[in-house]
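# Reading the structure
Each chain is listed here by its residues.
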Amino acid sequence: QVQLVESGGGLVQAGGSLRLSCAASGRTFSSYAMGWFRQAPGKVREFVAAISWSGGSTYYADSVKGRFTISRDNAKNTVYLQMNSLKPEDTAVYYCAAPSQATAQPMGAISEYDYWGQGTQVTVSS
């Protein structure tokens, strides 16, 4: 059983930074691409960033490109999301996600992901 546990959310002023972490367990972490999604109140869950199994390839939503960086440490079974220059519109619950099939390349479609963490709240004040 795959388990994903996010941490690192909080309250930050606009222009500030946060680093989210997602600790994975239950299978060989390094064989799978990973992703981050977010869901704001009253909105659908949306793609934020994804990373290949090796960490060598990444993919970002246009809304976060240049501000957010996804990375992973396969030795620690952890994927990170460094968020800089935060804006009030980044306020949401952020979720870590993993596919059930071993997939090398990063994926942006929510339908590709089968396992989800419980989410961590990020609030950006203006």
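In what follows, the accompanying structure is described.

The rules behind each value
Residues numbered from 1 in each chain as written. Predicted model: local features only at pLDDT ≥ 70, side-chain atom pairs only at ≥ 80, totals over all residues. Heavy atoms only, no water. Salt bridge = Lys/Arg side-chain N within 4 Å of Asp/Glu carboxyl O. Buried < 20%, exposed > 50% of the residue type's maximum accessible area, 1.4 Å probe, protein only. Helix = DSSP H or I, 4+ residues; strand = E, 2+ residues; numbered from the N terminus. Pairing = 2+ DSSP bridges. 1 Å grid on protein atoms, 1.4 Å probe; cavity = no way out; pocket = protein on both sides within 12 Å on 5 of 7 lines; lining within 4 Å. Points joined across faces, edges and corners; volume = space filled by probe spheres on them. Nonpolar A, V, L, I, M, F, W, Y, C, P; charged D, E, K, R; others polar. Contact = heavy atoms within 4.5 Å.

## Brief notes about the pattern of salt bridges
According to the stated counting rule, one finds 4 salt bridges in the structure shown. A salt bridge links Glu46 to Arg38; the shortest N-O distance between them is 2.6 Å. Take Glu46: its relative accessible area is 35%, and that puts it in the partly exposed class. Each of Arg38, Glu46, Arg67 and Asp90 takes part in a single network of salt bridges with overlapping partners.

## Let's talk about the pairing of strand β8 (residues 78–83)
Among the 6 residues in β8, 5 count as buried, and that is most of the element. Sheet topology places strand β7 (residues 68–73) next to β8; 6 bridges connect them, and they run antiparallel. What sits directly across from Phe68, in β8, is Met83.

## Digging into empty space enclosed by the protein
Inspection of the entire model under this criterion finds 1 cavity of 30 Å³ or more. Val2, Leu4, Ala24, Ser25, Gly26, Arg27, Thr28, Phe29, Tyr32, Met34 and Ala98 are the residues that line the largest cavity. Its residues assigned to classes, the lining of the largest cavity comprises 7 nonpolar, 3 polar and 1 charged.

## Points about the environment of Met83
Following the sequence through the fold, Met83 ends up in strand β8. Sequence spacing of Met83 and Met34 is 49 residues, and the spatial spacing of their C-alpha atoms is 17 Å. For Met83, the residues in contact, after removing those within four places along its chain, are Gly16, Ser17, Leu18, Leu20, Arg67, Phe68, Tyr94 and Val122.

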